[in-house]
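Survey of secondary and tertiary structure
The chain contents come next:
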Amino acid sequence: MTSNLFSPFDCRHVTFRNRIGVAPMCQYSSVDGLPNAWHMVHLGSRAVGGAGLVLFEAAAVSPEGRISPADLGLWNQRQAEALRPIADFVQAQGAVAGIQLAHAGRKGSTQVPWVGRAEVSVADGGWETMAPSALRFQPAYPLPREMPPSDIERVIDSFRASARLAQAAGFQVLELHMGHGYLAHEFLSPLTNQREDHYGGGFENRIRFAVEIVRAVRSEWPEHLPLFVRLSVTDWVDGGWDLGQSIQLAKILRPLGVDLIDCSSGSIVPDSRGPQTPGFQVPFAAAIRAQAGIPTAAVGLITQARQAEDILAQGQADMVLLARQLLVDPYWPLRAQAELEGASSHWPVQYERAVNPQAKR
Ligand SMILES: Cc1cc2nc3c(=O)[nH]c(=O)nc-3n(C[C@H](O)[C@H](O)[C@H](O)COP(=O)(O)O)c2cc1C
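As a starting point, this report considers the structure included with it. This structure is a prediction, so every number in the text was calculated from the model and none was measured. (Residues numbered from 1 in each chain as written. Predicted model: local features only at pLDDT ≥ 70, side-chain atom pairs only at ≥ 80, totals over all residues. Heavy atoms only, no water.)

**So, the sheet that holds strand β9 (residues 227-232)**
Taken in spatial order, the 8 strands of this closed barrel run β3-β4-β5-β8-β9-β10-β11-β12, and their pairing is parallel. Put simply, the sheet's adjacent strands are angled 25° from each other on average, direction ignored. As defined by bridge partners, strand β4 (residues 53-60) adjoins strand β5 (residues 96-102) across 7 bridges and the pair is classed as parallel. Considered in β5, the bridge of Ala58 is made with Gln100. Strands in contact with helix α7 (residues 243-253) are β9 and β10 (260-264); relative to β9, the strand with the most contacts, it is inclined by about 165°. With respect to the sheet, helix α8 (residues 282-292) is in contact with β10 and β11 (296-299), its orientation differing from that of β11 by roughly 170°. (Pairing = 2+ DSSP bridges. Helix = DSSP H or I, 4+ residues; strand = E, 2+ residues; numbered from the N terminus. Axes fitted to C-alpha atoms, helices over the stretch in contact; angles between N-to-C directions. Contact = heavy atoms within 4.5 Å.)

Below you can see the structure in the form of structure tokens.
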């Protein structure tokens, strides 16, 4: 019996073998923005584990777009060349390789999380951060400069250039990070955007930066390849960005060539991550899918095969993305398929005879 979870998903000219994606997860393990053997093993294992999409972690579009000095980057040819064999390996396992492009804005120039999220000073290899308005995320974070129009143009150009490099690196999906309190989200949310020019104020102005990034990236990213956008669908704060505005934005992005909204939430201000209960963000994916008429991905505390299957069967989303569960168990997709369908079809040939009782010996 075929499940919804293991039915293929077509998006432009790309076919995902199933509806399970590895959510982007920063590893804070790069030097000069370069991937290394850690990334090959981390991402490669999850492709071997049967995911349909492996989204590489947030890659900064410029050095000052990083969260920490150890972030992955995609602003030069060397980085694209180092990513290529990892993307190729992921795709050789039957998964689609995608990468998330990001700019951290006012959350940049901070330590890796296991050191603690304090500012890294310029003297220690940090940088001056930027944001729509000169407001700190929290006291231990750097004070960003308010971006003049020249900064805005430069960041949009960086996204465009990064999209070109992503193509050179062999990726088949691009996701733009417009959530979690990073730069694009900082423009969307009235909590962080207090500008008085045409990038601030009303909804039309606050979405301008995001829309300009999408236009720039779509002009560079091949027509036949999917473009996803990750939103924090709500700030979980009164007076902040919310579901209604996300639906409006999704309706505007769809005709600009965005193929799917990845529905996350929160993190624009400290302690705003939502209730953290199983599937707590799924209703956002359902609402945007139904009301904006665009495919969505659900993410956030999806851990069970039956739970994932029900999200798809009920038409709440077109894909499910898993993060922490896939760290615990890279083979989750193979086990989920056995649970839902009685057998797993994607064991790598090197393993199959040993682990799959139904395989011919
Ligand atoms: C280690 C780790 C790193 C993460 N890095 C990113 C990232 O690079 N970009 C992003 O959009 N979300 C990031 N997230 C959030 C996840 O993509 C996901 O939305 C979140 O963990 C909820 O899904 P889960 O409940 O399946 O873990 C990260 C999460 C974890 C656990």
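The discussion continues.
**Considering the site of the ligand**
In the vicinity of the ligand lie 15 residues, with Cys26, Gln100, Arg230, Leu301 and Arg324 positioned nearest. Gln100 is positioned with one of its side-chain polar atoms (N or O) 2.8 Å from a nitrogen atom of the ligand. A total of 610 Å² of accessible area belongs to the ligand in isolation, and the protein chains cover 81% of it. Tallied by class, residues from the shell around the ligand come to 9 nonpolar, 4 polar and 2 charged. (Near = heavy atom within 4 Å. Polar contact = N/O pair within 3.5 Å; in protein donor to acceptor, adjacent residues only side chain to side chain. Areas by Shrake-Rupley, 256 points an atom, 1.4 Å probe, with all protein chains shown as cover. Nonpolar A, V, L, I, M, F, W, Y, C, P; charged D, E, K, R; others polar.)

**With respect to the environment of Leu43**
Here Leu43 shows up in helix α1 (residues 37-48). For the pair Leu43 and Val22, spaced 21 residues apart in the sequence, the C-alpha separation amounts to 8.7 Å. Ignoring sequence-local partners within four residues, the contact set of Leu43 consists of Val54, Leu55, Phe56, Ile86 and Val90.

**What about the pattern of salt bridges?**
On inspection of all chains with the given rule, the structure shows 16 salt bridges. Close ionic contact of Arg154 with Asp151 constitutes a salt bridge, the shortest N to O distance being 2.5 Å. Of this pair, Arg154 and Asp151 both sit in helix α3 (residues 149-168), separated by 3 residues, roughly a single helical turn. On the accessibility criterion, Arg154 (41% relative accessible area) is partly exposed. We note a salt bridge from Asp318 to Arg289, for which the minimum N-O separation is 2.8 Å. One end of the pair, Asp318, is in the loop between α9 (305-313) and β12 (319-322); the other, Arg289, is in helix α8, and 29 residues separate them in sequence. Given a relative accessible area of 8%, Asp318 falls into the buried group. A relative accessible area of 28% places Arg289 in the partly exposed class. (Salt bridge = Lys/Arg side-chain N within 4 Å of Asp/Glu carboxyl O. Buried < 20%, exposed > 50% of the residue type's maximum accessible area, 1.4 Å probe, protein only.)

**Thoughts on α9**
Within α9, the full set of buried residues consists of Ala305, Gln307, Ala308, Glu309, Ile311 and Leu312. Of the residues flanking the end of α9, it is Gly315, one or two places downstream, whose phi is positive at about 70°.

**Some details on helix α6 (residues 208-220)**
Relative to the 18 Å expected for 13 residues at 1.5 Å per residue, α6 spans 19 Å between its end C-alpha atoms, a close match to the ideal helical length. Of all the positions in α6, only Phe209, Ala210, Val211, Ile213, Val214, Ala216, Val217 and Arg218 are classed as buried. On the buried face of α6, the contacting elements are α3, β8 (173-178), α4 (183-188), α5 (203-206), β9 and α7. (Expected span 1.5 Å × (residues − 1).)

Taken by themselves, the reported measurements are silent on function.
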